[in-house]
Amino acid sequence: MSVSSRAVTTAVLAAAVAAGAYVEPRPLALVGVAGLLVVLLALGWPNILRLPAPGGSRLVVLLSGLGAAAATWYTPSEPVLRHLPMIIAIAFVLAFLAEMMRRDGRRRLTESVTGTVSGIVVAVCAAGWVAAARTEAGAMLVATAAFALAIAAASAALPLKGWRALIVAVVAAVVTGGGVATLLPSMDTVSGSWTGAVAGIVVGGLHLLLERLPALRGKLAGLSAATIPVTVTGMFVFVVGRLVIL
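Keep in mind the model is a prediction, meaning the values are calculated, not measured. (Residues numbered from 1 in each chain as written. Predicted model: local features only at pLDDT ≥ 70, side-chain atom pairs only at ≥ 80, totals over all residues. Heavy atoms only, no water.)

### A look at the overall build of the protein
Part 1 of the reasoning: Each helix and strand counted, the protein has 10 helices and 0 strands in total.
Part 2 of the reasoning: Written out in order from the N terminus, the α and β elements of the protein read α-α-α-α-α-α-α-α-α-α.
Part 3 of the reasoning: Taken over the C-alpha trace, the protein has a radius of gyration of 17 Å; the compact-globule value for 246 residues is 18 Å, and the two agree within 12%.
Part 4 of the reasoning: Judged by the C-alpha coordinates and their principal axes, the protein covers about 60 × 45 × 25 Å.
Part 5 of the reasoning: Split into buried and exposed, the 246 residues of the protein put 54% on the buried side.
Part 6 of the reasoning: Here the analysis covers contacts within the protein between residues at least 6 apart in sequence; of these, 75% occur between residues at least 24 apart.
Part 7 of the reasoning: Put simply, the protein shows about 10,800 Å² of open surface, and 73% of that area lies on carbon and sulfur atoms.
Part 8 of the reasoning: One way to put it: in the protein the 17 positive side-chain charges average out to a point 12 Å from where the 8 negative ones average out. (Helix = DSSP H or I, 4+ residues; strand = E, 2+ residues; numbered from the N terminus. Rg over C-alpha atoms; globule rule 2.2 N^0.38 Å. Buried < 20%, exposed > 50% of the residue type's maximum accessible area, 1.4 Å probe, protein only. Contact = heavy atoms within 4.5 Å. Areas by Shrake-Rupley, 256 points an atom, 1.4 Å probe, with all protein chains shown as cover. Lys, Arg positive; Asp, Glu negative; His and termini not counted. Charge placed at Lys NZ, Arg CZ, Asp CG, Glu CD.)

Set out below in structure tokens:
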């Protein structure tokens, strides 16, 4: 998958997050979007890292992400992320069990475990979108971040590489976040700019990190790579909502 195709896919997924924040019942609709992000991430994660046992890694990443999103939605009161450590711990155990069940001689064992564990961490971040929707700013915080993320992702389609691409992504996201927040009643320009800055740094940084990986030429790997910025940004947006807005 080409860089431009991944950028468009990331922008579309970010738009889906923004739409999910406003669809009733909230935040149940956003749980569905988070689940979609986890599925797309899990499908191609082993392909990105070229893991030796893709089936087990894919299943563990999928279960951890879906479990985190469901637990965050189901938790009735603050702190809404209090069950995530337990979800991550269970997922780590599943990662080791998946390796124990391998029948291929367990080649590249350390690489396989490390790759699966890193996938768990990324997948769990999708729950951040659900948690962010339950903050005081709620849907408006999610919408601001998602729009900024979409614009930052679209800027990645420009013929720029390296630090120039990162700078353009951050600037575009900051301007978009501040502009969108100005139009929303529960957000202010400064908070929106901070939210946009986080989205831009994540998108630009991941673009800088992944742009030279040959594995991304495959469809599943490219689709997963396009999903990573949206998934990871969810947790950062929740943190920004707590520190800056509330």
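Read on, since the account is not over.
### Some thoughts on a nonpolar patch on the surface
Part 1 of the reasoning: On the surface, a cluster of nonpolar side chains totalling about 860 Å² of accessible area is made up of Leu-59, Leu-63, Met-86, Ile-90, Val-93, Leu-94, Leu-97, Met-100 and Met-101.
Part 2 of the reasoning: Put simply, the parts of the chain that give the nonpolar patch at least two residues each are α3 (54-74) and α4 (84-100).
Part 3 of the reasoning: Ranked by the residues each element gives to the nonpolar patch, the list is headed by α4, at 6 residues.
Part 4 of the reasoning: Within the secondary structure, Ile-90 sits in helix α4. (Patch = residues over 30% accessible without salt bridge, like charges linked within 9 Å, V, L, I, M, F, W, Y side chains within 5 Å. Salt bridge = Lys/Arg side-chain N within 4 Å of Asp/Glu carboxyl O.)

### Topic: the UniProt feature "transmembrane region" (unreviewed entry) in the protein
Part 1 of the reasoning: What UniProt calls "transmembrane region" (unreviewed entry) maps, in this numbering, to residues 30-49, 56-74, 80-101, 113-132, 138-158, 165-184, 190-210 and 222-245.
Part 2 of the reasoning: A distance of 34 Å separates the end C-alpha atoms of residues 80-101, which is 77% helix and 0% strand.
Part 3 of the reasoning: What you have in residues 165-184 is 95% helix and 0% strand, and the ends, taken at the C-alpha atoms, are 29 Å apart. (UniProt positions renumbered as here; feature names shortened; annotations may be inferred.)

### Focus: the nonpolar core
Part 1 of the reasoning: Residues Val-17, Leu-30, Leu-81, Trp-129, Val-142, Leu-149 and Val-230 are the most contacted members of the largest nonpolar core, which totals 51 residues.
Part 2 of the reasoning: With 11 residues, helix α7 (residues 139-155) is the single largest residue contributor to this core.
Part 3 of the reasoning: Ignoring any residue separated from it by four or fewer positions in sequence, one finds Val-142 in contact with Val-17, Ala-21, Leu-30, Trp-129, Ala-132 and Ala-133.
Part 4 of the reasoning: Core analysis: the second largest hydrophobic core is formed by 17 residues, Val-122, Ala-123, Val-202 and Ala-225 among them. (Core = buried A, V, L, I, M, F, W, Y, C linked by side-chain atoms within 4.5 Å.)

### Here we look at the side chain of Ser-112
Part 1 of the reasoning: Within the secondary structure, Ser-112 is located in helix α5 (residues 109-124).
Part 2 of the reasoning: Taking the relative accessible area as the measure of exposure, Ser-112 reaches 0% and is therefore buried.

### Notes on the packing of helix α2 (residues 28-49) against α5
Part 1 of the reasoning: Two elements in contact, α2 and α5, have axes separated by 10 Å at closest approach and are oriented at 155°. With respect to each other, α2 and α5 are oriented roughly antiparallel. The handedness of the crossing between α2 and α5 comes out as right-handed. Residue-level inspection shows Val-38, Leu-41, Trp-45 and Leu-49 of α2 in contact with α5, the latter providing Glu-111, Gly-115, Ser-118, Gly-119, Val-122 and Ala-123.
Part 2 of the reasoning: Looking at the contact of α2 with α5 residue by residue, the classes come out as 6 nonpolar, 3 polar and 1 charged. (Axes fitted to C-alpha atoms, helices over the stretch in contact; angles between N-to-C directions. Parallel < 35°, antiparallel > 145°, perpendicular 65-115°, else oblique. Left-handed = near helix turned anticlockwise from the far one by under 90°. Nonpolar A, V, L, I, M, F, W, Y, C, P; charged D, E, K, R; others polar.)

### Overview of the side chain of Thr-195
Part 1 of the reasoning: Within the element layout of this structure, Thr-195 appears in helix α9 (residues 189-210).
Part 2 of the reasoning: You can call Thr-195 buried: its relative accessible area is 0%.
Part 3 of the reasoning: Among the polar contacts listed, one links the side chain of Thr-195 to the backbone oxygen of Ser-191, at a separation of 2.9 Å.
Part 4 of the reasoning: The residues contacting Thr-195, other than those within four sequence positions of it, are Leu-141, Ala-145, Met-187 and Val-240. (Polar contact = N/O pair within 3.5 Å; in protein donor to acceptor, adjacent residues only side chain to side chain.)

### A short note on the environment of Phe-96
Part 1 of the reasoning: If you trace the backbone, Phe-96 turns up in helix α4.
Part 2 of the reasoning: Overall, Phe-96 belongs to the partly exposed group, its relative accessible area being 47%.
Part 3 of the reasoning: When the C-alpha positions of Phe-96 and Val-113 are compared, they lie 7.0 Å apart, and in sequence the two are 17 residues distant.

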